[in-house]
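# Breakdown of the fold
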Amino acid sequence: MVHADNPRAVAVRRFSFGELTGRTWFWPVAALALIFLVDAVVSPGFFSIRIVQGRLFGSLIDVFYRGTPGALVALGMAVVIGTKGIDLSVGAVVAIVGAVMTNLIHRDFSPVSVLFLTLGAGALCGLWNGFLVAILDIQPIIATLILMVAGRGIALLIDEGLIVTFRSDFFSAISTGQFLTVPSRIIVAAGTFLALWLVLRRTALGLFVESVGANSAAANLTGINAKLVKIGAYTLSGLCAGIAGMLICGDIRGSDSNNAGLFMELDAILAVVIGGGSLVGGRFYLGLTIIGVLVIQGLTTSILVSPLPFQFTMVVKGVVVLIVLLLQSRRLRESIVGLFLRKTS
Amino acid sequence: MKDRYLPLVATVTVFVLVFAVGAVNFKHFLSTNVVGDLLTDNAFIIIAAIGETFVIISGGIDLSVGSMIGFVGVVMAHLDVMGWHPLASGAMLIAFGIAFGAFQGIVIDFCEIQPFIITLAGLFLLRGSCFLVSLESVPVKHPFVGDFADWHFDLGGGGRLSSSAMVMLVVLVAGILIAHFTRFGTNVYAIGGDPASAKLMGVPIRRTTVKIYALAGFYNALGGVVYALYTGSGYPLAGLGDELVAIAAVVLGGTLLTGGVGLVFGTLFGGLIQGLITTLVNFQGTLTSWWATIIVGVLLFVFIVAQRTIMTSFMTRRAI
């Protein structure tokens, strides 16, 4: 698509490195491949997968396992970013959802009703953001900043300032259990991904989202209800954060409002951007967002299995993210190429 | 009255109102003590928020505030162990802050990457570097720390204007002068208002962008130095989430996040309002600390909606 207006590139379909690096998927996939390659060298057992106690086990599985909450949040974020928005509140929503869930479990609600009410709480938080952005027409960064600031306070209010624990076989099974040797949370994430893909990419809805992100007014004139699309996107993001919050809470069997989902919004936004999503809106990639999540999580796991001390995690993450961002910058790539061409000619 | 002062008036009114609520309900609230403490306790965050104001007026955002505060503190504490004078290490770190900010500015302008994402990478880099320097809280033992805490002006009535507060007020005045009485300041407003027309009018976009983020780096690092001297220690988790407090201070101070509109002076009150709410919650005693964050959130909401309404009416008037 990048070279569609260049007749030569269309006519001659031979391999071109320039064309390859121009592809959206090239840099994120290359980054992930590089990380895995380094892993294979540093830690020889990285790719070995075995079954321990009826469950898949190995570093690669661990990357997927730990990446699931982040992936869920990032998927919702990708859609929001596609509408030219951003959702800073997802971390706070994770905390709120955790507090709500714990509270409901302590009130002896049945697991299924807890499930629906909890996810409802997440969607409600998203709806609030959508209301601010679409109806009150407030800039997304500021609109979601409100819930980001107040959200943890609300969660602490529900928890009464404590870390509340619970016992629930149902939620532990969803979060840390397994089904046919596959960890159940991976199934949850894969199911969510599949559902989103079907709804957004097998119908025109994804196109609606992108057209609203590219030009909200123009989309409105073509008959797309831009407000409704935006509200839907934020609600979806809240819902995804809700599912992630459920997994995180089920994992620690409690609600820790101060720490649950801390910095999650940042990781999610990074994942979307690494996956080729643009903060100026108009495009989103569900699959590449997952690649972005795997890049971030792969990096973290790699440092844990490497001889580097764990303190290096954040610095390495920062450096790699910076490099990926710089490589994605067309202007920088072109000027570097220009520099080489001038030298050789 | 000029439209641009309307948000400032609103901010100061809210500040006075919140203060009045405190004064009516608590016997010792209306005192120079409370005012002095308010200025001292919030000095570092207001300093950082002044830098953030420039960035936001220019239409950008800087998320590296909190990590810079933490990083500066940890390195200062580390250099203190090696025998450096806090002023020397502070000056070096401020230079580092300026360089780091300038680097962010270059990347933002040259690589055309959104400020949000670059400064997010900056946040990770600096916070990660904190952990590399130290995993624990390290005290700054140099006698200068004690002297810094002791120097003060008496405000009368037992209140003190501490050296932290004085530093803050000095750089606040500097910020106001830069914003309103220099060509650079005018350029910042121009870029924030409309980058395309600013460029057409001959505003040097790259140089200004780099300077804006360098200035923010200066204010962030200075905030970190003040924080380290104020707490007498370096802690790798210091300033965690303070970018939010700084951004909230800017927004409450009447600066529009869309860029182009705002006053540095308003940020002082934006920071003080948040500090005042915390003080109020402390005075009240039975309310718990998370109420402060909820109240700040509600205030943010009210302010943003009010700004939105003012802007809409302003726009329609201009359109006519």
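## Digging into the overall build of chain A
Along the backbone of chain A there are 16 helices and six strands. Relative to its length of 345 residues, chain A is compact, with a C-alpha radius of gyration of 21 Å against a globular reference of 20 Å. In terms of its C-alpha atoms, chain A occupies a principal-axis envelope of roughly 75 × 55 × 35 Å. Taken across its 345 residues, chain A has 47% of its residues classed as buried.

## Side note on the overall build of chain B
Counting its regular elements, chain B contains 14 helices and four strands. Against the globule reference of 20 Å for 320 residues, chain B gives a C-alpha radius of gyration of 20 Å, in line with a compact fold. C-alpha atoms of chain B, sized along the principal axes, occupy 60 × 50 × 35 Å. A separation of at least 24 residues holds for 80% of the contacts in chain B among residues at least 6 apart in sequence.

## Brief notes about the pairing of strand β2 (residues 152-156) of chain B
Residue and element names in this part refer to chain B. As paired elements, β2 and strand β3 (residues 159-162) share four bridges and run antiparallel to each other. Bridge pairing in β3 links Gly156 to Gly159. In this structure, the hairpin formed by β2 and β3 is closed by a connection of two residues, where Gly157 is found at a positive phi of approximately 75°.

## As for the environment of Ile108 of chain B
All names here are of chain B. With respect to the secondary-structure elements, Ile108 resides in helix α5 (residues 86-110). In sequence terms Ile108 and Ile118 are ten residues apart; their C-alpha atoms lie 6.9 Å from each other. Residues contacting Ile108, with those up to four places away along its chain left out, are Gly60, Ile113, Pro115, Ile118, Thr209 and Tyr213.

## Some remarks on the confidence of the model for chain B
All names here are of chain B. Mean pLDDT for chain B: 88, with 97% of residues reaching 70 or above. Within chain B, no element has a lower average pLDDT than helix α14 (residues 290-319), which sits at 75, and none a higher one than helix α3 (residues 43-57), at 95. In the model output, the complex is listed with pTM 0.84 alongside ipTM 0.76.

## Overview of the packing of helix α4 (residues 59-82) of chain A against helix α14 (residues 286-305) of chain A
A packed helix pair is summarised by two numbers, namely the angle formed by the two axes and the spacing between the axes. Residue and element names in this part refer to chain A. Where α4 contacts α14, the axes come no closer than 8 Å and their chain directions differ by 140°. In terms of orientation, α4 and α14 fall into the oblique class. The chirality of how α4 crosses α14 is right-handed. Contacts from Ser59, Asp62, Val63, Arg66, Gly67, Gly70, Ala71, Ala74, Leu75 and Ala78 of α4 reach α14 at Leu286, Thr289, Ile290, Gly292, Val293, Leu294, Gln297, Gly298, Thr301 and Val305.

## A few points about helix α7 (residues 140-159) of chain A
Residues and elements named next belong to chain A. Here α7 contains 20 residues, and its C-alpha end-to-end distance of 28 Å stays within 8% of the 28 Å for a straight helix at 1.5 Å per residue. At Ala150, α7 is bent by approximately 40°, the largest bend along its length. With 17 of 20 residues buried, α7 is to be regarded as a mostly interior element. Looking one or two residues past α7, Glu160 carries a phi angle of roughly 55°, positive in sign.

## Observations concerning unusual backbone geometry
Residue and element names in this part refer to chain A. The phi dihedral of Lys84 is positive, around 70°, even though this residue is not glycine. Note that Lys84 resides in the loop between α4 and α5 (90-106). In this model, Arg253 sits at a positive phi of 55°, which is unusual for a non-glycine residue. Residue placement: Arg253 occurs in the loop between α12 (226-252) and β6 (254-255). Arg253 sits in the partly exposed class, given 16 other C-beta atoms within 10 Å.

## Thoughts on the interface of chain A and chain B
Between chain A and chain B, the contact holds 36 residues from the first and 36 residues from the second. Mapped by element, the contributors of at least two residues to the side of chain A that touches chain B are α7, α13 (264-274), α15 (312-328) and α16 (330-344) of chain A. If one sorts the elements of the side of chain A that touches chain B by residue count, α7 of chain A sits on top with twelve residues. Looking at the side of chain A that touches chain B, its residues break down into 26 nonpolar, six polar and four charged.

## Comments concerning helix α12 (residues 242-252) of chain B
By the criterion of burial, α12 of chain B is predominantly enclosed, with ten of the eleven residues buried. Directly beyond the C-terminal end of α12 of chain B, a positive phi value near 95° is found at Gly254 of chain B.

## A word on the nonpolar core
Within the largest apolar cluster, 205 residues are counted, with the highest numbers of intra-cluster contacts made by Ile96 of chain A together with Ile47 and Leu300 of chain B. Looking at this core element by element, the count peaks at 16 residues for helix α11 (residues 205-231) of chain B. When sequence neighbours within four positions are dropped, the list of residues in contact with Leu300 of chain B reads Leu145, Ile146 and Val149 of chain A together with Ala248, Val251 and Leu252 of chain B.

## Looking at the packing of helix α8 (residues 163-181) of chain B against helix α13 (residues 264-284) of chain B
Residues and elements named next belong to chain B. Packing of α8 against α13 brings their axes to within 8 Å, and their N-to-C directions diverge by 145°. Residues Leu172, Gly175, Ile176 and Ala179 of α8 form the contact with α13, whose participating residues are Val264, Phe265 and Leu268. Split into classes, the residues belonging to the contact of α8 with α13 amount to six nonpolar, one polar and no charged.

Cut-offs used in this document
Residues numbered from 1 in each chain as written. Chains lettered and ligands numbered in written order. Predicted model: local features only at pLDDT ≥ 70, side-chain atom pairs only at ≥ 80, totals over all residues. Helix = DSSP H or I, 4+ residues; strand = E, 2+ residues; numbered from the N terminus. Rg over C-alpha atoms; globule rule 2.2 N^0.38 Å. Buried ≥ 20, exposed ≤ 12 C-beta atoms within 10 Å, placed from the backbone. Contact = placed C-beta atoms within 7 Å. Pairing = 2+ DSSP bridges. pLDDT = per-residue confidence, 0-100. Axes fitted to C-alpha atoms, helices over the stretch in contact; angles between N-to-C directions. Parallel < 35°, antiparallel > 145°, perpendicular 65-115°, else oblique. Left-handed = near helix turned anticlockwise from the far one by under 90°. Expected span 1.5 Å × (residues − 1). Bend = angle between axes of the 7 residues up to and from the residue. Nonpolar A, V, L, I, M, F, W, Y, C, P; charged D, E, K, R; others polar. Core = buried A, V, L, I, M, F, W, Y, C linked by C-beta atoms within 7 Å.

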